[in-house]
Amino acid sequence: MSETFHTMWRSLRPIGRSAASGGYRRYAWTGADADCRLWFRMQAEARRLDYEVDRNGNQWAWLGDREAGDAVVTGSHLDSVPDGGAFDGPLGVVSAFAALDELRSRGARFRRPFAVVNFADEEGARFGLACVGSRLVSGQLTKAQAYALHDADGISLPEAMEAAGHDPAGIGPDPARLARIGAFVELHVEQGRALDLSGDAIGIASAIWPHGRWRYDFAGEANHAGTTRLVDRRDPMLTYAETVLAARREAELAGAVATFGKIAVEPNGVNAIPSLVRGWLDARAADHAALDTVVAGIEAAAREHAARQGIDLTVVRESFTPVVEFAHALRDELAGILGEKTPVLGTGAGHDAGILSGSVPTAMLFVRNPTGVSHSPAEAAAEDDCVAGVLALADVLEGLACR
């Protein structure tokens, strides 16, 4: 099984990797994404699984009757954030196929249908919205909303899908598909150091913090950087900078996290005062009350500075995911299979499992990340821990689907 895992890992690892940064640029419906999707199909066919792509572009590899219902499904995603790490998403897909190989080597007999899934556009790196594939299938993103998504070059999501060979006409909720799923288990590298600090290779997820993305548009007045007096300037960059600092302060006060990680500037000239600074806020907290406090505090500070500096401010909430409590019965079943000493931990990162949790029973397994670094080329997991994750997932799948 270990060799099977590493063979798959080596075959997937070069796809979409930047020679300059060492990170990955596997954006939805691009060439790198197409190569990842071909890789998934080849893995499915090599295992004699029934391969299909649903109308929202999610890939499925089935063992047993997909129409029978009560299926056990596992998997994750293969796309990445800009210059992301190797493990976020792909570890769950590779481990899913490896766990199936392990179960076959054990002679396990499946009593429920089984599938491996690769959800499309989980990271939202190209169109600005995370978990597009799972949001579409679960009805949390409508066809009209999806059609309104555009990338930085002005290409719409349906245009990108069509260019990649997928017909976007049928995208939208797929309740019949979800009704056939009895349980979904997603394995993921931990995006933090809780397991490293506890000394455990594997953990079980308890919940996903509520989180969202807000776009801040700071509009000022373009002017010459060398001739405009400081007192005459309406520079939105100053207001943006004050808002970034406010985000840090508010997050610290609430025990939360808040990050301005993306910015767009117009006209974006070295010797020009900007006319517009657009920044995207990512905020997360352990509960809704704390998150509301943080977001409200950041906006209040931004508006105070904008008023003082003559800047027009528009704030738009682009996405929001409420707290996700994973199905307690399924979570307890995983703990029973893996042992009561397996740590249970929450996370501030969003996942397809969180999106699906409103429609089907879902659970997550985490694999130790020795540095806690994620969404970076430095993201890592030890080989022994990856193998431990495969074995844990195989045990879980055997307990759910084979007994």
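A brief report on the enclosed structure follows.

What follows deals with the layout of surface pockets. Gaps left between atoms are located by rolling a probe of water-molecule size over the structure's atoms. Estimates place the volume of the second largest pocket at around 240 Å³. If you trace the second largest pocket, you find 15 residues lining it, with Leu129, Leu141, Leu149, Glu318 and Ser319 closest to the centre. Ranked by the residues each element gives to the lining of the second largest pocket, the list is headed by strand S12 (residues 312–321), at 5 residues. Split into classes, the residues belonging to the lining of the second largest pocket amount to 7 nonpolar, 4 polar and 4 charged.

On to the sheet that holds strand S11 (residues 276–284). Adjacent strands of a sheet form backbone hydrogen bonds with each other and so pair up, either parallel or antiparallel. Pairing within the open sheet is antiparallel, and its 4 strands lie in the order S9-S11-S7-S12. Of all strands in the sheet, those bounded by a partner on one side alone are strand S9 (257–266) and S12. On average, adjacent strands in this sheet sit at an angle of 15 degrees to one another, irrespective of strand direction. Pairing between strand S7 (residues 211–219) and S12: 9 bridges, direction antiparallel. Pairing of Arg213 across the sheet is with Ser319, part of S12. Sheet strands in contact with helix H9 (residues 236–254) are S7, S9 and S11, and its direction is about 170 degrees off that of S9.

Another aspect to go through is the nonpolar core. In globular proteins that are soluble, nonpolar side chains generally tend to be buried together. By size, the foremost hydrophobic cluster in this structure holds 51 residues, and its most contacted members are Phe5, Trp39, Phe40, Phe87, Leu91, Phe97 and Leu334. Phe40 has contacts with Tyr51, Gln59, Trp60, Ala61, Leu78, Val93, Phe97, Val116, Val117 and Asn118, leaving out every residue within four places of it along the chain.

A few words now on the pairing of S11. Regular strands place their side chains on alternate faces of the sheet. Burial analysis of S11 places 8 of its 9 residues in the buried class, which makes it a mostly covered element. Pairing of S7 with S11 involves 9 bridges; the strand directions are antiparallel. For Phe218, the partnering residue across the bridge sits in S11 and is Val277. Of the pairings in the sheet, the one linking S9 to S11 comprises 9 bridges and is antiparallel in character.

So, how was this worked out
- Residues numbered from 1 in each chain as written.
- Predicted model: local features only at pLDDT ≥ 70, side-chain atom pairs only at ≥ 80, totals over all residues.
- Heavy atoms only, no water.
- 1 Å grid on protein atoms, 1.4 Å probe; cavity = no way out; pocket = protein on both sides within 12 Å on 5 of 7 lines; lining within 4 Å.
- Points joined across faces, edges and corners; volume = space filled by probe spheres on them.
- Helix = DSSP H or I, 4+ residues; strand = E, 2+ residues; numbered from the N terminus.
- Nonpolar A, V, L, I, M, F, W, Y, C, P; charged D, E, K, R; others polar.
- Pairing = 2+ DSSP bridges.
- Axes fitted to C-alpha atoms, helices over the stretch in contact; angles between N-to-C directions.
- Contact = heavy atoms within 4.5 Å.
- Core = buried A, V, L, I, M, F, W, Y, C linked by side-chain atoms within 4.5 Å.
- Buried < 20%, exposed > 50% of the residue type's maximum accessible area, 1.4 Å probe, protein only.

Nothing here speaks to function; it is geometry throughout.
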